Each structure stands twice: as C-alpha cells, then as structure tokens.
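# Reading the structure
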Amino acid sequence: MYKVTPRMANLRRRMEVTIRAHHDLFVAAVVTAAVAVVAVISGSVWLVHDIMTGLPTASELSGVGSMAQATTLYDAKSRPAFTIFQEQRIDAPLSAISPHLVHAIVAIEDQRFYDHGGVDVVRIVAAALNNVRARRAAQGGSTLTQQLARQSFLTTDKTFRRKLKEAVLAWRLERQFTKDQILEMYLNKMYFGDGLYGVEAASLGFFGKHARDLDVPESALLAGLVKSPSTYAPTVSLERAIARRRVVLQTMRDSRAIDRATYDSALRSRPRLADALRPEEGYGQYFKEEVRKQLVQRFGWERVYQGGLKVYTTLDLEMQKAAEREVERALADIEQRQAKRRGNRPAATSDPLQGALIAMDPLDGEVRAMVGGRDFDRSRFNRATQAKRQAGSAFKPFVYATALEQGFTPATLISGLSTPIATVQGQWVPADEHVASDAITMRAALRTSSNRAAVQMLQQVGIPTAVRYAQRLGIGDLPAVPSLALGSGEVTLLSMTSAFSVFANQGMVAPPSLIRRVEDASSGEVLYTASTQKERAISEATAFIMTSMMSDVINAGTGWQARQVGFTLPAAGKTGTTNDYHDVWFVGFTPHLVAGVWIGYDQPRTIIGNGYAGDLAVPLWGRFMAMATRNDAPDRFRMPSTVVPVTICRLSGQLPNDSCRGAVVLNGDGEPTNQSMVYTEYFARGTEPNAFCPLHGGILVNTVATSGDAADATPLPVDRQRNTVTSTADSPPLPPSPESAAEKKRGFWGRIFRR
C-alpha cells in the first residue's frame, strides 16, 4: 500500500499555497506544457495546430448560453397543455434558482469554483495524488467551467486531445464571462436524467416545483444527478438517488454549506416525486399533432423543437376530454350492437370502427375540441381533417341555402317529385322513404330529409350555382352532378363543421383556427397572431331562415334523439347517411358552439344494417353537446331585421283563408277531421307571399304574425324584445324511428347515394 510521508504532505501544502498565489500563471503554464507534451509525444506540430484551430470562434463562444428550449402549448385558458421538444429544457436566471441548489452543485462538483480561472490546478494535483494512492482514476479534476465547455462544444470521448481542448475552452470562457454567468449557463445546460435539461426542468419534472422553491434535500438530490443521470435519476432508482444524495449532503456539511442540524434533517427526509412539467397527455393528441404540423410549416422544425415557443391554442381541455369520452362510448355501443347481430362471433376484419368529432366557436372559428380517431397511438391519421368522405344528406342545407339566396322561401312548394332527372346513366328518380306525395314545402323537405325534393331544388337553382355557394362556405371542390344534392361530393369533417358555423354566425365565414398566438419564450416577442378577418358567404336572412329550418330537424325530424339523450338548448343541425350505411354524420350548432361528428370505417363498409345517422351519430352529438354547453345560457338565435314572420297555409305556402284554420284532413285511421293548416313562417323581407291560399275557401284578414295571433296559428316562439327564435315545426313529429322505414325500390343513383 502506498503511503504519503510527512515530507510529501508538507510539499503538497507548499505547492497549493504557491499555486493559489499565481493560479492564472499556473493555468497558462499547464495548458502550454500539455500542448508541448502532445507535440513531443506525437512528433507532429500538426496535431497541436488541429487542437488549437478546431476550437469555437469568439462569436460561437459567446453563444454558449443559447440552449434548446421546449415549446409549450397552452389551452384556451392559457394553461399548459402540451409540450414539443427535442430536449425538455426551461431556461431560468440565477436569481430564480434556490441558493441551496447552487451551494449543493458547487460543493459536489467544484468547491473552488470562485477561486480558479477555469482549470483548477490545485484540484488536478490533488486528484493526481489521490489517483496514484488508489492506483486507479478515482477522481477527476474537471471544473464547472470545463464541464460547461464539454457539454456545449465537445464530445465525451475520454482522450487527451479532448481534455486539452476542454482546458483551453474553459480558460477562454472564464475571460469572456463572469462567474455568475458561467454558473447560470451551467445550471441551465446540464442534463439531469429522464430527458430533463437544466435545473428548472429537472425541478418541475422530479418535484413538481420551480427551482427557486427547492429545499436542501431536494437540492442535494438534483446535484447528485450530474455525475451519472442515467444511474441516479429518482425515476430510475429512488434508492440509488437517496444514496447519492447522502454523499452530496456530507460534502455540503464538510464545506460548511449547511450545519449539522440541517444535515441530519435532510438525511431523514423522503423525496416526494411529482411531475408538473410533463402531463400524461392522454388526451388531445390529434389536436396537438395538428398544431405541431402547422407550427413546423410556419416556423420550421428547429424553431419548434428547440426554439422555446409559447403557443396559445384554442383548445378547451374539458370539452376535449368529453369529446374523446363520448366518441369512445358511441363506438363501444355500436360494436355491442354489431356483436349481438352476429351472435357474438368475432368480427370478420380487424379494421376497427372509427369516429371523429370537431367542436368550434362559430363566431371566430376557434376549434375547441378535435378527435381524429379512436386511438392516436395506433393510428395518427386524423379523420377529422384528412379523411374525405361523402356527406350524404348532411349536404342538403347548402342546396336550400342556395335556393334562399336565389329568392326561394321555406314555404316554396317543391313539386314534380316523381319527375325523373336526366343523368349520363339515364333517367333517375331518387328513392324517398318519407314523402309519397308529388309536392312538399322546402321546410318539410329538409325536416324529413326528402331526397327527391333536394334533387329537384338543385335542378331549379342550378348545379354550378350550388357548387359556388358551397365553396363560399368553405366546402372546397365538388362534383357538378345531380347527385350532389345527396352528398356525393367528398368532404372533411372539419370543412363541414366550419361551413355549418356560417348559419350560426349570421352568414359570416370565420376560417377554423387552432392557434391564437405564438410568442418567443425568451423575449416575449409575438411571432404570430391568428387573423380575425371574416367574409360574408350568405345573407343574414338566409342564415337565420336555414337555422330555423334545421331546428325542425332536431325538434321533430331525423335528429330527434339529441333531445332524448338530454340536450335541451335551442339548436339546429342535419343528419347524413351514405350508401349502404358506410358513413353517418351529424353536424349541429347553438348560437355559441358548432359540432360535427362522423362514424365509419377507414375502408368503407356497412357499419350496421339500417344504421342511420339518427340512430348512430345523433346520440353521440347530443351527449357531447349536453356536456359542452352545460353552463351556457339558453340563448336563442337572433332574428335579423331583414326577416319577417308571416302566417301562411301549411299546404299551399300562401296567405291563409278562413277555411285554412279548420281544413278537413284525414287522420291516421283515414277518418276526416278538422285541423288548422295555419302556421308562422319566416321570409327574407320582400319574398313574403302576396296571394291567398287557393286550396281553401274564405279569407283570413290577419296575415302578419304578431303577438295577437290565434293559438291555432302555431307561431314560432319569438322573443319580441330580443328579436330571436328557437325553432319551428310545420308537421307533426316523425315516429320514434324516423329513418328506419322500409326502403322503396331505387333507381341507379338511389343505389349509389343514400340519404
């Protein structure tokens, strides 16, 4: 065993005193001597040249404090929701770091930090003597400054060349920065394990608190991680982390950074781990991914993953969680029905049933929730934004909106429903399961989702005109064919939901947005602000009248199940079911929220026999909306001054005669009975009817709907002071299974496109 003699110990003390007195000279001498030794050993001055010229320039050296920063995504209430990062790092000034942590780092890593000039010759000599005594490399001599240089500019290769570069860089850093600046850069640069860089990220990630709030035992534990983060991280081995903490505490006590009482108390404490930096993020992954793609497109990959952006999104966390919960529930319910129909036998394919949901504010287009599928980890394909599918009857409101813009009214009688439509494939009469007569009003046609009426109306307004209006609402390119009225064009759920928001937003288009604002985390500079510009797509009158017509769909039409599951607010919407029950849709809205849902398979196939949207999609929509609007006031849709309510005859759509109030009609048993045919309808000013009903005799003088209308006129519930409306119905409610009637024989287009 090697022993240190008194003479050697005395020599060591004298060397330390001399070195302390002339430390900078010794550093320069040691570095110069080391380089000279390399030259002698290698026999080449080119190696020395390589060492000296391969170092960072002065400008590069000045950027040693610039480090990769995580990008944080905030929700609509400016609460942290997600992070995007290559390295999980949060910058913090030295003043925002606990003194306990500073003392712990200095005590265990570099006790002479404030005395040396970058390279601690005293420590090198002491480490060398200890290594000789232990006959192995038991101690290292790297200072905090050297570690910072290595972390910033060099590799971790254990070579003499790298150590020389490290020494030269440390010496230069000490002359370019103050000790506090170096310490701050070090504390923000070092890796602490578990993907956490810098003391602020480590403090939040391990203890759920900011670095300024760390106590002594927590500071000692973090300081102990620097030596080997992968070994001592508390998330890897809490016992090893505590053992390493004991070493740090002992060092702090020996260096008088803490007293005996603090040391004893810290030893007894048990770490309480909490992660306030990285939430599970088990929700909103499709939303996050959509935001990430938009950020990368706008700012580039490096800025997003390393630039420390603060991104304020439009996401409503509670609404998002409810959306995911309800989509999962709806899919599970449908799969249970499927299993029962096949006798609980395994499904023939592993392709899972999928669902998507979009919820947004109709006034500004801000997306509040987005579900792009049932499992983001299994499939990142976003069915809300990327999948293009036929919309079925959910497209019909755009046809009728076009008609209203052309001067038609909800009372317009659409006739010739049995008249074939000429197509390339031949004469076509769409199947129609609810309308047996040859004429129907526009309002009744939408409520019952009449295929024939929609196709006839498309013929009257013109296919190119309807395509143009759909594009103005944001639907995109569509095929100019007669079947367009039945939703033959392929659309995304996002575009459909955004288009329906126009009806709730008085005819104005507000493009959908997921990002409100982007800031630079370091400087606070605003880098991007979402545009709030809106464009008019349809008139206020058309938007309101379409809303009143689609209110019938929820209250007494194909969307009636929304009321059955507990949704009660004034609302409007439309169902859509495609050929062979491949896709089901429902898009609906209140004055403050519009939501669209879709259910189907990625490879289109029948969801379930007779699986209409009213049975499959509407309950999902209703349950989500009941939760999402639970704190909303029952606001009604605002009626613009360009709309007038008028009492008319239900059958003719004209001003009523006296006999319209007691017309003889056949009841369900085929027996004649008296029934009022008068109700209140809404018209764009100037399109009101001016002729009287030709179907009944006698004249009714009072023609304009007022608060004095007779009870049997069945006026819409209008708030006279607020000039608003909830809903209307121009015929009795549909039976409990409005879309399950037996199909009639269909022609070519009827086999291709369902309602």
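Residue positions within a chain follow its written sequence, with the count starting from 1. Residue-level local features of this predicted model are given only where pLDDT is at least 70; pairs of side-chain atoms are given and counted only at 80 or more, and the full residue set underlies all totals for whole chains, interfaces and linings. The side-chain figures draw on all heavy atoms in the structure; neither hydrogens nor water molecules are used.

### A word on the overall build of the protein
- Helix numbering and strand numbering both begin at the N terminus, where a helix is a DSSP run of H or I of at least 4 residues and a strand a DSSP run of E of at least 2. If you tally the helices and strands in the protein, you get 26 helices and 27 strands.
- Using a 1.4 Å probe on the protein chains alone, a residue whose accessible area is under 20% of its type maximum counts as buried, one over 50% counts as exposed, and one in between counts as partly exposed. Counting the 755 residues in the protein, one finds 55% classified as buried.
- Considering only contacts in the protein between residues 6 or more positions apart, those separated by 24 or more positions represent 73%.
- Surface exposure here means Shrake-Rupley accessible area, sampled with a 1.4 Å probe, where a residue is shielded only by the protein chains that are shown. Roughly 32800 Å² of accessible area belongs to the protein as shown, and the carbon and sulfur atoms make up 51% of that amount. For this analysis, residues touch if any pair of their heavy atoms sits within 4.5 Å.

### Quick look at the sheet that holds strand E19 (residues 583-589)
- The sheet built from 5 strands is open, its strands ordered E7-E6-E20-E19-E18 with antiparallel pairing. Edge strands, defined here as strands with exactly one partner in the open sheet, are strand E7 (367-371) and strand E18 (572-577). The mean inter-strand angle of the sheet, taken between neighbouring strand axes irrespective of direction, is 5 degrees.
- Axes here mean lines fitted to C-alpha atoms, for a helix over just the part in contact, with angles spanning 0 to 180 degrees between N-to-C directions. Contacting strand E6 (354-360), E7 and strand E20 (594-600), helix H17 (residues 317-341) runs over the sheet at an angle of about 35 degrees to E7. When DSSP finds two or more bridges between a pair of strands, those strands are recorded as paired.

### Comments concerning unusual backbone geometry
- Despite not being glycine, Ser449 has its phi angle at roughly 55 degrees, a positive value.
- By secondary structure assignment, the location of Ser449 is in the loop between helix H19 (442-447) and helix H20 (451-461).

### Some details on the packing of helix H5 (residues 99-109) against helix H9 (residues 179-189)
- Between H5 and H9, the shortest axis-to-axis distance is 12 Å and the interhelical angle comes to 90 degrees. Taken as axis vectors, H5 and H9 run roughly perpendicular relative to one another. Here H5 contributes Val102, Ile105 and Glu109 to the contact with H9, which in turn contributes Leu183, Tyr186 and Leu187.
- Per-class residue counts for the contact of H5 with H9 are 5 nonpolar, no polar and 1 charged. Roughly parallel means an angle under 35 degrees; roughly antiparallel, over 145; roughly perpendicular, 65 to 115; everything else is oblique. Residues are grouped as follows: nonpolar covers Ala, Val, Leu, Ile, Met, Phe, Trp, Tyr, Cys and Pro; charged covers Asp, Glu, Lys and Arg; every other residue, Gly included, is treated as polar.

### What to know about the nonpolar core
- Only buried Ala, Val, Leu, Ile, Met, Phe, Trp, Tyr and Cys residues count toward a nonpolar core, and they belong to the same one when joined by side-chain atoms within 4.5 Å. Of all hydrophobic cores here, the largest spans 89 residues; its most connected members are Tyr400, Met496 and Phe503.
- If sequence neighbours within four positions are ignored, Met496 has contacts with Ala391, Ala394, Phe395, Phe398, Ile475, Val491, Trp585 and Val587.
- Ala149, Val199, Ala202 and Leu225 belong to the second largest nonpolar core, which has 50 residues in total.

### Concerning the pairing of strand E15 (residues 515-520)
- Counting buried positions along E15 yields 5 of 6 residues, so the element is predominantly enclosed.
- In terms of strand pairing, E15 meets strand E16 (residues 526-529) through 3 bridges, oriented antiparallel. Bridging across to E16, Arg517 finds its partner in Thr529.
- Here E15 hands over to E16 after 5 residues, with Gly524 in that stretch at a positive phi of 80 degrees.

### Side note on the pairing of E6
- Extensive coverage of E6 is indicated by the burial of 7 of its 7 residues.
- Side chains of E6 alternate between two faces, with Gln354, Ala356, Ile358 and Met360 and Gly355, Leu357 and Ala359 buried alike.
- By the bridge criterion, 7 bridges tie E6 to E20 in an arrangement that is antiparallel. Bridging across to E20, Met360 finds its partner in Val594.
- With 4 bridges connecting them, E6 and E7 associate as antiparallel partners. Paired with Leu357 across the bridge in E7 is Val371.
- Counting the residues in the hairpin turn of E6 and E7 gives 6 residues, including Gly365, whose phi is positive at 80 degrees.

### Considerations on the environment of Ala663
- Mapping Ala663 onto the fold places it in strand E23 (residues 663-666).
- Residues Ala663 and Met677 lie 14 residues apart in sequence; the distance between their C-alpha atoms is 6.6 Å.

### Re the environment of Glu433
- Within the secondary structure, Glu433 is located in the loop between strand E11 (426-428) and strand E12 (439-441).
- Given a relative accessible area of 12%, Glu433 falls into the buried group.
- C-alpha separation for the pair Glu433 and Ser450, spaced 17 residues apart in sequence, amounts to 7.6 Å.

### Structural notes on helix H15 (residues 285-299)
- Helix length check: H15, at 15 residues, gives a terminal C-alpha distance of 20 Å against a target of 21 Å (1.5 Å per residue), a fit within 8%.
- Phi turns positive, to about 90 degrees, at Gly300, one or two residues after H15. How far a helix is expected to stretch is found by multiplying one less than its residue total by 1.5 Å.

### Things to note about the environment of Thr680
- Tracing the backbone through its elements, the reader meets Thr680 in strand E25 (residues 678-684).
- For the pair Thr680 and Thr647, spaced 33 residues apart in sequence, the C-alpha to C-alpha distance is 4.3 Å.

### Structural notes on the pattern of salt bridges
- Here, a salt bridge means any side-chain nitrogen of Lys or Arg that lies within 4 Å of a carboxyl oxygen of Asp or Glu. Taken as a whole, this structure holds 21 salt bridges when the rule is applied.
- We note a salt bridge from Glu681 to Arg443, for which the minimum N-O separation is 2.4 Å. In this pair, Glu681 sits in strand E25 while Arg443 sits in helix H19, placing the two residues 238 residues apart along the sequence. Considered together, Glu681 and Arg443 belong to a single accessibility category, that of buried residues.
- Salt bridges sharing common partners tie together Asp75, Arg79 and Glu318.

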